[in-house]
Amino acid sequence: MRLFGAIYDRCLVWARHHHAPRYLVALSAAESVFFPVPPDVMLAPMSLAQPRAWWRLALMCTLASVVGGLLGYVLGHFALEAIWPWMQTMGWDEPFRRVQDMFVRYGFWFVFLAAFTPIPYKVFTIASGATGIGLVPFVLGSFIGRGARFFLVAGLIAWGGERLERVLRRYVELLGWAVAAIVIVGLVWMELRG
């Protein structure tokens, strides 16, 4: 099953445009807050087209994504303040505090895993601000996770060429859901042990 096929194809068109680096930066920042398609769909073909610039493209993608993540963090912080009275009225304050406690204990790991895997990073940027995870663990987890992911994608594509890009494109959904399932099982296991 291919999710967001039309948007994916549009991103591939953007990757060939002469303003592609600007689009990559904008997509990376937007994906950290609201956009549904990960920047990998532009990063991979751009790294294929410019194999010597793969590290520069990966760095641009990483920095823009972390900046977008900070915006999501701020939005989460202020959104919680706005809806907190309603949450108390609904009786959701205690369940939220339990989730918040998990975020405080495992915040860096939550952010790192969301930044590195296909789990929607935007959900965790906003949740991090809402739950009050520290800014330093948030930025470190984001930078390390996003950097590892984007440098891995760009480096592999630059090294493996078109053949690897075709394989990655063919199996991206399966790989993404498999990694997401492993992460969820791991987090549940950590919580049960803790």
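Computed from a predicted structure; not experimentally measured.

Asker: Sorry, what's going on with the overall build of the chain here?
Answerer: Looking only at helices and strands, the chain features seven helices and zero strands. Starting at the N terminus and ending at the C terminus, the chain contains elements arranged as α-α-α-α-α-α-α. Counting over 194 residues, the chain shows a buried share of 42%. Residue pairs at least 24 apart in sequence account for 75% of intrachain contacts in the chain once pairs closer than 6 positions are excluded. About 11000 Å² of surface is accessible on the chain, with carbon and sulfur atoms providing 72% of the total.

Asker: Would you mind going over a nonpolar patch on the surface with me for this structure?
Answerer: Taken together, the side chains of Trp55, Leu59, Leu63, Val136, Leu140, Phe143 and Ile144 present a nonpolar region at the surface, about 650 Å² in accessible area. Looking at the nonpolar patch, the elements with two or more residues in it are helix H4 (54-90) and helix H7 (135-193). If you tally residues by element for the nonpolar patch, the top one is H7, at four residues. By the element assignment, Val136 lies in helix H7.

Asker: Just checking my understanding: could you explain the packing of H4 against helix H6 (residues 121-131) for this structure?
Answerer: Running from N to C, H4 and H6 point in directions that differ by 45 degrees, and their axes come no closer than 6 Å. Between H4 and H6, the angle falls in the class oblique. The hand of the H4/H6 crossing is right-handed. Contact residues: Ser65, Gly69, Gly72, Tyr73, Gly76, His77 and Leu80 in H4; Tyr121, Thr125, Ile126, Ser128, Gly129 and Ala130 in H6.

Asker: Any chance you could explain the packing of aromatic side chains here in plain terms?
Answerer: Two descriptors summarise a pair of aromatic rings, namely the distance from one centre to the other and the angle between the planes of the rings. One pass over the full model with this rule turns up eight aromatic pairs. Taking the centre distance of 5.0 Å and the plane angle of 45 degrees together, the rings of Tyr73 and Phe138 count as tilted. With Tyr73 in helix H4 and Phe138 in helix H7, this pair connects stretches of sequence that are 65 residues apart. The two residues Tyr73 and Phe138 agree in class, both being buried. Between Phe110 and Phe124, the ring centres sit 6.3 Å apart and the planes meet at 65 degrees, which makes this aromatic pair edge-to-face. Residue Phe110 is found in helix H5 (residues 93-116), and its partner Phe124 is found in helix H6; the two are separated by 14 residues along the sequence. Linked through ring pairs, Phe108, Trp109, Phe112 and Phe116 together constitute an aromatic cluster. Just above the ring of Tyr121 sits the side chain of Arg146; from NZ or CZ to the centre is 4.3 Å.

Asker: Any chance you could explain the confidence of the model for the chain here in plain terms?
Answerer: The predicted coordinates ought not to be read in detail in places where the model reports low pLDDT. When pLDDT is averaged along the chain, the result is 82, and 85% of the positions lie at 70 or above. Helix H2 (residues 20-31) holds the highest mean pLDDT among the elements of the chain, 92, whereas helix H1 (residues 5-15) holds the lowest, 64.

Asker: I tried to follow the environment of Ala79 on my own but got confused; where do I start?
Answerer: Relative to the assigned elements, Ala79 resides in helix H4. Taking the C-alpha atoms as reference, Ala79 lies 8.8 Å from Ile126; in sequence the two are 47 residues apart.

Asker: Please clarify how H5 should be interpreted in this entry.
Answerer: Along an α-helix, residues three or four positions apart point the same way, because every turn accommodates 3.6 residues. Its 24 residues give H5 an end-to-end C-alpha distance of only 30 Å, which falls more than 12% under 34 Å, the value for a rise of 1.5 Å per residue. Residue Tyr106 marks the point of greatest curvature in H5, where the axis turns by about 85 degrees. The set of residues buried in H5 consists of Asp93, Phe96, Phe103, Tyr106, Gly107, Phe110, Val111, Phe112, Ala114 and Ala115.

Asker: I keep staring at the environment of Ala130 and nothing clicks. Help me out?
Answerer: Along the chain, the position of Ala130 falls in helix H6. Sequence separation of Ala130 and Gly76 is 54 residues, and the distance between their C-alpha atoms is 4.5 Å. Every residue in contact with Ala130, bar those within four places of it in the chain, is listed here: Gly76, His77, Leu80, Phe96 and Gln100.

What counts and what doesn't
- Residues numbered from 1 in each chain as written.
- Predicted model: local features only at pLDDT ≥ 70, side-chain atom pairs only at ≥ 80, totals over all residues.
- Heavy atoms only, no water.
- Helix = DSSP H or I, 4+ residues; strand = E, 2+ residues; numbered from the N terminus.
- Buried < 20%, exposed > 50% of the residue type's maximum accessible area, 1.4 Å probe, protein only.
- Contact = heavy atoms within 4.5 Å.
- Areas by Shrake-Rupley, 256 points an atom, 1.4 Å probe, with all protein chains shown as cover.
- Patch = residues over 30% accessible without salt bridge, like charges linked within 9 Å, V, L, I, M, F, W, Y side chains within 5 Å.
- Salt bridge = Lys/Arg side-chain N within 4 Å of Asp/Glu carboxyl O.
- Axes fitted to C-alpha atoms, helices over the stretch in contact; angles between N-to-C directions.
- Parallel < 35°, antiparallel > 145°, perpendicular 65-115°, else oblique.
- Left-handed = near helix turned anticlockwise from the far one by under 90°.
- Phe/Tyr/Trp six-rings, centres within 6.5 Å; stacked < 30°, edge-to-face > 60°.
- Lys NZ or Arg CZ within 6 Å of the ring centre and 35° of its normal.
- pLDDT = per-residue confidence, 0-100.
- Expected span 1.5 Å × (residues − 1).
- Bend = angle between axes of the 7 residues up to and from the residue.

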